[in-house]
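# Architecture at a glance
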Amino acid sequence: MSRLNPQIAAIVECTIPVALLVSVPARALAQQQAFQQDPVDQYGSHFLTVVIFIGVGLVLYSLFRYRGKDVGPISWGLLIAGAIVFPMILSGVGTILVFERVKTVQLCGSCHLTMKSYVDDMMNPNSNSLAAVHYTNRYIAENQCYECHTSYGMSGTLEAKKQGIIDIYKYYTRTFQLPLQLRHPYRDGDCLKCHAGATKFIAAHEETQERIFAGKLTCMQCHAETNPAHNVGRADLVGQRFNHRSNR
Amino acid sequence: MNAPSIRTIELDPRIIRGTLIGTQVLALIVYLLGAIFLFRASGGTLFLFSVAAPALILLATLALAGVALYRYLRRSSLFAFALFEPDDVILQQGDEADCAYFIQQGEVEVIRRDEEVETVLALLGKGEHFGETALISNAPHHATVRAKTRVRVAMLGKRKFLHMLRFVHPAQGDLMSSMNQQATEQAAKRAKSAAQSRKDSGE
C-alpha cells in the first residue's frame, strides 16, 4: 500500500471497510429464498447499499483530500454530493423501505414488547389460535400482524401507527394493564377482507353470511370458542420483565 | 472622503473548516443509520433512520448552505478587511500595488526612506486612505505604511478600484482632491525637511 500514491492508498483504505460494511445487508437478505423476497425490499436494499457505498466513499475522500477546506468547485461538489445529495437519496428511497419493513412481524415484535407472548403463540405450530393457524400454515404469506390488525389503505396504517405510539407511551410509563385488551371489538372487516368471497367461506357460511355482512353476527362470536385469536393466558404474561409494576 | 460604510462578519477559518467537517460527520452518521437499518430493521433502527436521519440531513444542509452563503457574500463584497497590530507594515515601499486601503479604525504612518533616512510623510487616521496613488500610476508604492495603533482597514482590489474610478465620477473627484491635498502636504513636509537639512549642514 505504501508504494501507491497516498491519495489512492487513502481511497483504497476507506473503500475496503465501507465495502465490507455495506455488503452485510445484501448478504443478510440473500439468506431468504429468492422467491420469498419482496422485490421492493430486495431492489431497494441493493440500491441503497450502492448509495451508501458511493456516499461514504465521497465523504471519506473529501475528508482525506481536502480536510475540511473548500478550495474550489470540485471540493464543493464532493461536499454537496457526499453530505447532502446522497444522504437525501438514502433517506428518500429509504422511506419506501421503511413503509415496507414497518409491516413485518419482526418489526412489530421489536417495539410491542408486551406482546411477545402473542408473537410466540402465533409462531407456535402446536397452538390452535387463529393467529397460529394463519401463520404456521402461511395462509398469510407475510406481515401477519399487520394484515390482521390494520384496515385497508393509508388511514388503516396511520391509525395502527397512532395506536402503536400510544402503546409505546403506555409501555414506558407502565400504565398498561394485563392481560392486554383490544381497544374496540375486533373488526370483522379485517377477517372479511381476505375471506369474503372465498369458496370455502361461502360453503361454510351459507346460512350466516347475510347476518355477518349486516354486522349482526361477528366472526369472533363463533370462532373464538374453538380457536381464540391468540392463545395467551395471564400465566404467560406474569413474570415477564416488562410487567413488574402492573402486577403489583 | 468618509470611511466606507461596509459591515461584514469575519469568521475564523477554523470555524468554517469545523463546520464543513461537521457536515461530513453528520452525513457519515446518516449513512451509518441507513446501513444499520438495512442490516437490522427493528423499531429502534427504523425510528432512528426515519426520524433522526432526516433531521441530521437538514442540519447538514443548513450548515453547508450557511457556509456557501457566507462565501458568496465575501466573494461578492467589494471590500476585504484586515486588522493590523501596532508597528505592522501594511505595505512596503517599492512593492507592487494591489489594493487601495481605507482606514476604518486606528492610525498609520506613511514613511519614505531615502538613502537610509526615514521621513514620516503623513499620519493618517479613520476615514483616510492610502495605496491608491500606486494603483492609478501603475507604479510601485512610493512609501511604506506602518500601523501606529491597532488598525482596521478595508481593502479594495486594483481592478475594483479602477472600475470604481471609471464609473463613479463623484468618487473620482473626491479621490483626486484628497490626493492633491495629500501631495501638497507631503511636498510641504519634504521642503521643510530639506530646508532643515540644509540649515543643519550649514551650521
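For the structure, see preceding data.
Okay, so let's go over this structure. (Residues numbered from 1 in each chain as written. Chains lettered and ligands numbered in written order. Predicted model: local features only at pLDDT ≥ 70, side-chain atom pairs only at ≥ 80, totals over all residues. Heavy atoms only, no water.)

Regarding its fold elements, chain A presents 13 helices and zero strands. Reading the helices (α) and strands (β) of chain A from amino to carboxyl end gives α-α-α-α-α-α-α-α-α-α-α-α-α. Sorting the 248 residues of chain A into buried and exposed places 34% on the buried side. Within chain A, contacts between residues at least 6 apart in sequence are counted, and of these 64% link residues at least 24 apart. Accessible surface for chain A amounts to roughly 15,100 Å². Of this, 61% is attributable to carbon and sulfur atoms. (Helix = DSSP H or I, 4+ residues; strand = E, 2+ residues; numbered from the N terminus. Buried < 20%, exposed > 50% of the residue type's maximum accessible area, 1.4 Å probe, protein only. Contact = heavy atoms within 4.5 Å. Areas by Shrake-Rupley, 256 points an atom, 1.4 Å probe, with all protein chains shown as cover.)

Turning our eyes to something else, we now look at the interface of chain B and chain A. With 29 residues of chain B in contact, the opposing surface of chain A contributes 41 residues. Together, the buried faces of chain B and chain A total about 3,000 Å²; carbon and sulfur atoms form 78% of this surface. A per-residue breakdown of the area chain B buries against chain A is headed by Gln24, Tyr31 and Leu38 of chain B, which together make up 27% of the total. At the boundary of chain B and chain A, one finds one salt bridge. Across the chain B-chain A interface, the total number found is seven residue pairs in polar contact (both at pLDDT 80 or more). With 15 residues, helix α1 (residues 13-39) of chain B is the single largest residue contributor to the side of chain B that touches chain A. Looking at the side of chain B that touches chain A residue by residue, the class counts come to 20 nonpolar, seven polar and two charged. (Buried area = accessible area lost by both parts, 1.4 Å probe. Salt bridge = Lys/Arg side-chain N within 4 Å of Asp/Glu carboxyl O. Polar contact = N/O pair within 3.5 Å; in protein donor to acceptor, adjacent residues only side chain to side chain. Nonpolar A, V, L, I, M, F, W, Y, C, P; charged D, E, K, R; others polar.)

Here we come to the sheet that holds strand β7 (residues 144-147) of chain B. Residue and element names in this part refer to chain B. The strand order β2-β7-β4-β5 describes an open sheet built from four strands, whose pairing is antiparallel. In the strand order of this sheet, the two ends are held by β2 (89-91) and β5 (117-124), each with one partner. With strand direction ignored, the average angle separating the axes of adjacent strands in the sheet is 35°. Pairing of strand β4 (residues 108-114) with β7, which is carried by four bridges, proceeds in the antiparallel orientation. Bridge pairing links Val108 to Ala147 in β7. (Pairing = 2+ DSSP bridges. Axes fitted to C-alpha atoms, helices over the stretch in contact; angles between N-to-C directions.)

Moving on, we come to the nonpolar core. In this structure, Ile52 and Leu90 of chain A together with Tyr31 and Phe37 of chain B are the most contacted members of the largest nonpolar core, which totals 41 residues. Breaking this core down by element, the ones donating at least two residues are α2 (39-66) and α3 (73-101) of chain A together with α1 and α2 (43-76) of chain B. Setting aside its immediate chain neighbours within four residues, Leu90 of chain A contacts Leu48, Val51 and Ile52 of chain A together with Val30, Tyr31, Gly34 and Phe49 of chain B. Ranked by size, the runner-up nonpolar core spans 19 residues in total, among them Ile90, Tyr101, Ala122 and Val153 of chain B. (Core = buried A, V, L, I, M, F, W, Y, C linked by side-chain atoms within 4.5 Å.)

Another aspect to go through is the packing of α3 of chain A against α1 of chain B. Between α3 of chain A and α1 of chain B, the least distance of the axes is 10 Å, while the angle of their chain directions is 25°. The orientation of α3 of chain A relative to α1 of chain B falls into the category roughly parallel. Note that α3 of chain A runs across α1 of chain B; the crossing there is left-handed. Packed against α3 of chain A, whose contacting residues are Leu79, Ala81, Gly82, Ala83, Phe86, Pro87, Leu90, Gly94, Leu97, Val98 and Arg101 of chain A, the element α1 of chain B presents Leu20, Thr23, Gln24, Ala27, Val30, Tyr31, Gly34, Phe37 and Leu38 of chain B at the interface. Here the contact of α3 of chain A with α1 of chain B is composed, by residue class, of 14 nonpolar, five polar and one charged. (Parallel < 35°, antiparallel > 145°, perpendicular 65-115°, else oblique. Left-handed = near helix turned anticlockwise from the far one by under 90°.)

Turning our eyes to something else, we now look at the packing of aromatic side chains. Applying the stated rule across the entire model yields six aromatic pairs over all chains. Between Tyr171 of chain A and Tyr172 of chain A, the aromatic rings sit 5.0 Å apart at their centres with planes inclined by 85°, giving edge-to-face as the arrangement. On the numbers, 5.0 Å between centres and 5° between planes, the contact of Tyr101 of chain B with Phe130 of chain B is stacked. Separated by 29 residues along the polypeptide, Tyr101 of chain B in strand β3 (residues 99-105) and Phe130 of chain B in strand β6 (residues 129-130) bring together distant segments of the chain. Cluster of aromatic residues (ring-pair linked, three or more members): Tyr171, Tyr172 and Phe176 of chain A. Positioned above the aromatic ring of Tyr66 of chain A is the side chain of Arg65 of chain A, whose terminal nitrogen or guanidinium carbon lies 5.0 Å from the ring centre. One cation-aromatic arrangement involves Arg174 of chain A over Tyr171 of chain A; the distance from NZ or CZ to the ring centre is 5.1 Å. (Phe/Tyr/Trp six-rings, centres within 6.5 Å; stacked < 30°, edge-to-face > 60°. Lys NZ or Arg CZ within 6 Å of the ring centre and 35° of its normal.)

Residue and element names in this part refer to chain B. On the basis of which strands lie adjacent, the open sheet formed by four strands has the order β1-β8-β3-β6 and antiparallel pairing. With partners counted over all chains shown, the strands left at the sheet margins are β1 (79-84) and β6, one partner each. As paired elements, β3 and strand β8 (residues 151-157) share six bridges and run antiparallel to each other. In the sheet register, Tyr101 faces β8, and the bridge partner there is Met155.

All names here are of chain A. Counted by the stated rule, this structure contains zero disulfides over all chains. Unpaired in terms of disulfides, Cys148 finds its nearest cysteine sulfur in Cys191, a separation of 7.0 Å. Of all cysteine sulfurs in the structure, the one in Cys191 sits closest to Cys219, which takes part in no disulfide; the separation is 4.1 Å. Judged by its relative accessible area of 11%, Cys219 is buried. (Disulfide = S-S within 2.5 Å.)

Once that is clear, we can look at the pairing of β8 of chain B. Residues and elements named next belong to chain B. Within β8, five of the seven residues are buried, leaving the element largely enclosed by the surrounding structure. Note: β1 against β8, six bridges, orientation antiparallel. Within β8, the position partnered with Phe81 by the bridge is Ala154.

It is possible for side chains bearing opposite charge to pair when their charged atoms get close. What the rule picks out here adds up to nine salt bridges over all chains. A salt bridge links Asp41 of chain A to Arg101 of chain A; the shortest N-O distance between them is 2.9 Å. Within this pair, whereas Asp41 of chain A is found in helix α2, its partner Arg101 of chain A is found in helix α3, the two being separated by 60 residues in sequence. We note that Asp41 of chain A, like Arg101 of chain A, is buried. Measuring nitrogen to oxygen at the nearest pair gives 3.4 Å for the salt bridge that ties Arg112 of chain B to Asp114 of chain B.

The subject of this paragraph is the packing of α2 of chain A against α1 of chain B. If you want to describe how two helices pack, look at the angle between their axes and the distance between the axes. Close contact between α2 of chain A and α1 of chain B brings their axes to 10 Å; oriented N to C, the two are set at 155°. Judged by the angle between their axes, α2 of chain A and α1 of chain B are roughly antiparallel. For the element pair α2 of chain A and α1 of chain B, the recorded crossing hand is left-handed. In this structure, α2 of chain A uses Ser45, Leu48, Thr49, Val51, Ile52, Gly55, Val56, Val59, Leu60, Ser62 and Leu63 of chain A to contact α1 of chain B, whose residues at the interface are Ile21, Gln24, Ala27, Leu28, Tyr31, Gly34, Ala35 and Leu38 of chain B. Of the residues contributing to the contact of α2 of chain A with α1 of chain B, the split by class is 13 nonpolar, six polar and no charged.

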